[in-house]
Amino acid sequence: MALTPDDVVTKQFQHVRFKDGFDPDEVDDFLDEIVVEWRKALEENAELKAKLAAYESGEKPAAEAKAEESAPAVVDEVPAPVAAAPAAPAAAAPIDAAGSTSATAGIIELAQRLHDEHVAEGESKKKQLISEAESEVERIRTEAQAKQREESARLERERNTLEARITELRNFERDYRTQLRGYIEGQLRDLDEKSNTTDSTPVSAIGL
């Protein structure tokens, strides 16, 4: 489908999230200038095509017909070779039409280039955002792994400390039980010795 000035006027571009890139107002103003020049070129092209068709069909434009009607009738005095002179504008018309077509093609190419630049800029920005997001994800993952290792090391140190404390308490309990048992057994031996001594003492010895 051929591109028309209305397509340029109604074309909508997606806005980027950042300020980098072309100024949208300047792009819109430039596209408006392109549309004006393009429409002029299309009108000139259509006019040249109409003139060319008229020359090819043997008809004369209205302006030339009026000029011939007002001019003196001296056609009989003009030599036969000169009568073929009006064919020259017909040969020039395709050149002008080609120039107009070339200008139109240049405008279309410029508009297409602007569109391609916008698309390329958007693609570049998208790749940049994806790269930054991937870098951020990798940074967060690395920090999380480092924190996890630090937390695991801290918990391991605390576990070792608690196990050492538990072992120390168990050793203290064992030593305390051993000392307490020895003390109680010593007291019981002392009681037994005193009881035996009392049983073997004579009655007179105790004042009876």
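Since this is a predicted model, take the numbers as computed values, not measurements.

Asks: How would you sum up the overall build of the protein chain? Please name residues and give values.
Replies: When helices and strands are tallied, the protein chain shows 4 helices and 0 strands. Classification of the 208 residues of the protein chain by burial places 10% in the buried group. In the protein chain, the proportion of contacts linking residues at least 24 apart, taken out of those at least 6 apart, comes to 91%. On the protein chain, roughly 17100 Å² of surface is accessible, and the fraction owed to carbon and sulfur atoms is 57%.

Asks: Tell me about the nonpolar core, and name the residues and values.
Replies: Ranked by size, the top nonpolar core spans 8 residues in total: Val8, Val27, Leu31, Ile34, Val35, Trp38, Ile107 and Leu114. It is helix 2 (residues 24–57) that provides the largest number of residues to this core, a total of 5 residues.

Asks: Help me get a handle on a negative patch on the surface, residues and values and all.
Replies: On the surface, a cluster of negative charge is contributed by Asp25, Glu26, Asp28, Asp29, Asp32, Glu33, Glu37, Glu43 and Glu44. Mapped onto the elements of the fold, Glu43 is located in helix 2. For Glu43, a relative accessible area of 56% corresponds to the exposed category.

Asks: How would you sum up helix 2? Please name residues and give values.
Replies: With 34 residues, helix 2 extends 48 Å from end C-alpha to end C-alpha; this agrees with the ideal 50 Å at 1.5 Å per step. What helix 2 keeps buried is the set Val27, Leu31, Ile34, Val35, Trp38, Ala41, Asn45, Leu48 and Ala54. In the segment just after helix 2, Gly58 is the residue with positive phi, at about 90 degrees.

Asks: Tell me about a nonpolar patch on the surface, residues and numbers included.
Replies: The grouping of Phe172, Tyr176, Leu180, Tyr183, Ile184, Leu188 and Leu191 at the surface amounts to a nonpolar patch, some 760 Å² of accessible area in total. Note that Phe172 resides in helix 4 (residues 87–200). The class of Phe172 is exposed, set by a relative accessible area of 58%.

Asks: Describe the packing of aromatic side chains, naming the residues involved and giving the relevant values.
Replies: A complete count under the given rule lists 1 aromatic pair for this structure. When the centroid spacing of 6.2 Å and the interplanar angle of 20 degrees are considered together, the rings of Phe172 and Tyr176 count as stacked. On the criterion of helical spacing, the pair formed by Phe172 and Tyr176 is a turn pair, its members being 4 residues apart in helix 4.

Asks: Describe the pattern of salt bridges, listing the residues and the values that go with them.
Replies: Opposite charge on two side chains lets them pair, provided their charged atoms get close. Evaluation of the coordinates by the stated rule reveals 11 salt bridges. For Glu156, the salt bridge identified is with Arg159, shortest N-O distance 2.5 Å. One end of the pair is Glu156 and the other is Arg159, both in helix 4 and 3 residues apart, which spans about a single turn. On the basis of relative accessible area, Glu156 is assigned to the partly exposed category, the value being 35%. Through salt bridges with shared partners, a single network forms among Glu136, Arg139 and Glu143.

Reading guide: rules and limits
- Residues numbered from 1 in each chain as written.
- Predicted model: local features only at pLDDT ≥ 70, side-chain atom pairs only at ≥ 80, totals over all residues.
- Heavy atoms only, no water.
- Helix = DSSP H or I, 4+ residues; strand = E, 2+ residues; numbered from the N terminus.
- Buried < 20%, exposed > 50% of the residue type's maximum accessible area, 1.4 Å probe, protein only.
- Contact = heavy atoms within 4.5 Å.
- Areas by Shrake-Rupley, 256 points an atom, 1.4 Å probe, with all protein chains shown as cover.
- Core = buried A, V, L, I, M, F, W, Y, C linked by side-chain atoms within 4.5 Å.
- Patch = residues over 30% accessible without salt bridge, like charges linked within 9 Å, V, L, I, M, F, W, Y side chains within 5 Å.
- Salt bridge = Lys/Arg side-chain N within 4 Å of Asp/Glu carboxyl O.
- Lys, Arg positive; Asp, Glu negative; His and termini not counted.
- Charge placed at Lys NZ, Arg CZ, Asp CG, Glu CD.
- Expected span 1.5 Å × (residues − 1).
- Phe/Tyr/Trp six-rings, centres within 6.5 Å; stacked < 30°, edge-to-face > 60°.

Shape is all these values report; function is a separate question.
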